[in-house]
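Structural description and commentary
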Amino acid sequence: MTAATPSSGQLKRTLTSRHLNMIAIGGSIGTGLFVSSGATIAQSGPGGALLSFAVIGLMVYFLMTSLGELAACMPVSGSFSTYASRYVEESFGFALGWNYWYAWAVTIAVDLVAVQIIMTYWFPDTPGVIWSAAFLALLFALNVASVRFFGEAEFWFALIKVVTIIVFIIVGVLMLLGILEGGQDGGAQLWQLGDAPIAGGLPALIGVAMIVGFSFQGTEFVGIAAGETENPGRNIPKAVRQIFWRILLFYVCTIIVIGLLIPYTDPRLLKDGLSDITISPFTLIFSKADMLAAAALMNAVILTSVLSAGNSGMYASSRMLYSLALERKAPAIFARVTRSGTPVWALLATAAVAGLCLLSFLFSPGKLYLWLLNTSGMLGFIAWLGIAVSHYRFRRGYLYQGHDLARLPYVSKFFPIGPLFAFGLCLVVMLGQNYQAFLGGQIDWIGALATYIGLVLFVVMWWGHKLLTGSRTVRYKEMDFSSIETRKASDPAAAAHAQPSTANQLPA
């Protein structure tokens, strides 16, 4: 495979360890935690929600160790699309890359429609499309300047979310201990209420798994950012090792606090916390603690969270499109890079798709938000499944050719259990989302299409490209490991300080 050459400039390795850590945090904390966590508890009970977050969190941790092994030795902005092409199949990588670009471009549109809904809290009479257009311009400006400018913006966006969650957990614990008021009706008895701790059984757990998974989507940004990170052999493993503790602290502890302070039968948990911020689980608990202006505070935090997700999505999707063009899987114009290291044409294409948010002229913001959310929901699981398959085949091929694992900058300790577990769980969640549509006397084809359209598009792209190009599965003995970063034979520790080659330079 011959790589395309950008017309001017190259991606710059200016993201530091500080930026990378916050990108990982920012990617894993979104509106799903602040808004959708209440619906998760209401549908499956406090124990069911905790189990779902723990299991999906464990899967994400396995996936990040898999991605860490790949990204540390091969730091490219195409990330798992490039890995899939080299270690699975060219067509599989093609479909995975386009799927990821589209998924996050549409997710930006979701975030910008959410901005309209959030801003009505303060400006109910202002047309929402104005806010979408203004914030789209802001996200574009943050990304077009330079990757370091993006990294700084994401650092501060993520820091606000981290501080909010830490304060929330501390406040919840103080309420349960009786130090702050509002916790007198809470405690372990709420886990024995009704059908708790797990309500609805296995069907409910499968049903909320997609919501929980959507909350975690973005953790894979570490792999996308590898191509522009200083010393990826050192910084990527460092970020990966910290992901498990972030998941444990930010998600599991948050769900425990909510489940111990709010009954899962509270009807407010089932409502849309985005359109009515007063019933966000965070707002409910801050209000129970008699904290003034809790709703306004959480509205500002959720706005920050939405902007952070949109900022990261703009970055990740534009880099994926850039990488696709570099590998001749997209028009060459998208491989053009400015002198500051920004793939401006890929950024413009991403912004154009994100402009779907402006369709709120024709549809209500609430309906458009749900439509776009359903369109992008399953696509993230497809990307995760691709990471699991790529890592499994990479490791098998690497060992098959007699290479020494000790020479890799970072080695996942959970192979093969990690990628196999992630692959199996992704498959169950994806295929089990709307199994009810196939039960009963007549199949609900419309409901099934709405649920599985993302999966159908992925398969069509994969097999369509396969039929046109005749690509086949890469055999273990044919895999090329010549360009990967390895530890120096004379000094295994030197890999931590090894300088990588050009970000997306692939062998001919």
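Residues numbered from 1 in each chain as written. Predicted model: local features only at pLDDT ≥ 70, side-chain atom pairs only at ≥ 80, totals over all residues. Heavy atoms only, no water.

This next bit is on the overall build of the protein. Within the protein one finds 16 helices and zero strands. Counting all 508 residues of the protein, 60% fall into the buried class. Put simply, of all contacts in the protein between residues at least 6 apart along the chain, 83% involve residues at least 24 apart. Put simply, the protein shows about 19500 Å² of open surface, and 66% of that area lies on carbon and sulfur atoms. (Helix = DSSP H or I, 4+ residues; strand = E, 2+ residues; numbered from the N terminus. Buried < 20%, exposed > 50% of the residue type's maximum accessible area, 1.4 Å probe, protein only. Contact = heavy atoms within 4.5 Å. Areas by Shrake-Rupley, 256 points an atom, 1.4 Å probe, with all protein chains shown as cover.)

Scanning the model with the defined rule gives 23 aromatic pairs in all. Here Y87 and F394 contribute two aromatic rings whose centre-to-centre distance is 5.1 Å and whose plane-to-plane angle is 70°, an arrangement assigned as edge-to-face. Here Y87 is found in helix α3 (residues 80-87), whereas its partner F394 is found in helix α14 (residues 379-400), with 307 residues between them in sequence. Take Y87 and F394: they sit in the same class, and that class is buried. Where W98 meets W101, the ring centres are 5.6 Å apart and the plane angle is 85°; that geometry is what we call edge-to-face. Here W98 pairs with W101, and both are found in helix α4 (residues 90-119), just three residues apart, close to one helical turn. The two residues W98 and W101 agree in class, both being buried. In textbook terms, an aromatic cluster arises when at least three aromatic residues are bridged by ring pairs, as seen for Y61, F62, F414 and F421. Looking at K466, its charged tip hangs above the ring of W463, at a distance of 5.4 Å from the centre. (Phe/Tyr/Trp six-rings, centres within 6.5 Å; stacked < 30°, edge-to-face > 60°. Lys NZ or Arg CZ within 6 Å of the ring centre and 35° of its normal.)

When the terminal C-alpha atoms of α4 are compared, their 44 Å separation across 30 residues agrees well with the 44 Å that a helix rising 1.5 Å per residue should span. Within α4, 28 of the 30 residues are buried, which leaves it mostly tucked inside the rest of the structure. (Expected span 1.5 Å × (residues − 1).)

Quick look at the packing of helix α6 (residues 147-176) against helix α10 (residues 281-288) now. One way to put it is that α6 packs onto α10 with a least axis distance of 10 Å and a crossing angle of 45°. Relative to α10, the element α6 is oriented oblique. The two elements α6 and α10 meet at a crossing, and its hand is left-handed. Each of I165, V167, F168, V171 and M175 in α6 lies in contact with α10, whose residues at this interface are P281, F282, I285, F286 and K288. Classifying every residue of the contact of α6 with α10 by side-chain character gives nine nonpolar, no polar and one charged. (Axes fitted to C-alpha atoms, helices over the stretch in contact; angles between N-to-C directions. Parallel < 35°, antiparallel > 145°, perpendicular 65-115°, else oblique. Left-handed = near helix turned anticlockwise from the far one by under 90°. Nonpolar A, V, L, I, M, F, W, Y, C, P; charged D, E, K, R; others polar.)

Time to look at the environment of E327. Note that E327 resides in the loop between α11 (294-326) and α12 (344-354). Taking the C-alpha atoms as reference points, E327 and F94, 233 residues apart in sequence, are found 9.5 Å from one another.

Moving on to unusual backbone geometry. The phi angle of most residues is negative, glycine excepted, and most peptide bonds adopt the trans form. The residue after F415, namely P416, is reached through a cis peptide bond having omega 0°. Here P416 is to be found in the loop between α14 and α15 (417-431). Its identity as a non-glycine residue notwithstanding, R328 has a phi of 60°, on the positive side. Within the secondary structure, R328 sits in the loop between α11 and α12.

Below, the discussion takes up the nonpolar core. A general feature of soluble globular proteins is that nonpolar side chains tend to end up buried together. Counting residues in hydrophobic clusters, the biggest one holds 143 residues, and the most contacted among them are F34, M59, F80, Y83, Y100, F216 and W384. A per-element tally of this core places helix α2 (residues 31-73) first, with 18 residues. Residues contacting W384, with those up to four places away along its chain left out, are M59, V60, L63, G213, F216, Q217, T219, E220 and C426. (Core = buried A, V, L, I, M, F, W, Y, C linked by side-chain atoms within 4.5 Å.)

When their charged atoms lie close together, side chains carrying opposite charge are able to pair. Evaluated as defined, the whole model comprises six salt bridges. K329 serves as the salt-bridge partner of E327, at 3.1 Å between the closest nitrogen and oxygen. With respect to burial, E327 and K329 carry one shared label: buried. Linked through salt bridges whose partners overlap, the residues forming this network are E90, E327 and K329. (Salt bridge = Lys/Arg side-chain N within 4 Å of Asp/Glu carboxyl O.)

With that out of the way, let us pick up the confidence of the model for the protein. When pLDDT is low, close inspection of the predicted coordinates is not appropriate. With 81% of its residues at a pLDDT of 70 or more, the protein has an overall mean of 79. The lowest-confidence element of the protein is helix α13 (residues 365-377), averaging 59 in pLDDT; the highest-confidence one is α14, averaging 92. Here residues 1-9 is modelled with pLDDT under 50, and outside its nearest four sequence neighbours on either side it reaches 23 contacts, counting other chains as well. Contacts from residues 488-508, a stretch scored under 50 in pLDDT, to residues over four places away or in other chains number 48 contacts. (pLDDT = per-residue confidence, 0-100.)

Note on placement: I29 falls in the loop between α1 (17-28) and α2. A C-alpha to C-alpha distance of 7.6 Å links I29 and S305, two positions 276 residues apart in sequence. The contacts of I29, once residues within four sequence positions are left out, are F34, K161, V162, I165, F250, Y251 and S305.

With that out of the way, let us pick up a nonpolar patch on the surface. A cluster of nonpolar side chains, namely L58, I417 and F421, defines an oily patch on the protein surface of about 260 Å² accessible area. Within the secondary structure, F421 is located in helix α15. (Patch = residues over 30% accessible without salt bridge, like charges linked within 9 Å, V, L, I, M, F, W, Y side chains within 5 Å.)

Let us now look at the environment of F381. As for its placement among the helices and strands, F381 is situated in helix α14. It is 7.1 Å that separates the C-alpha atoms of F381 and M430, two residues lying 49 residues apart in sequence. With near-sequence residues (within four places) excluded, F381 lies in contact with M59, A209, M210, G213, F214, Q217, C426, V429 and M430.

Attention now moves to the side chain of R395. Here R395 lies in helix α14. According to the relative accessible area criterion, R395 is buried, its value standing at 5%. Setting aside residues no more than four positions away along its own chain, R395 makes contact with E69, L405, V411, S412 and F415.

Let us now look at α6. Here α6 spans 43 Å end to end across 30 residues, near enough to the 44 Å set by a 1.5 Å rise per residue. Immediately downstream of α6, the backbone of G178 shows phi near 85°, a positive value.

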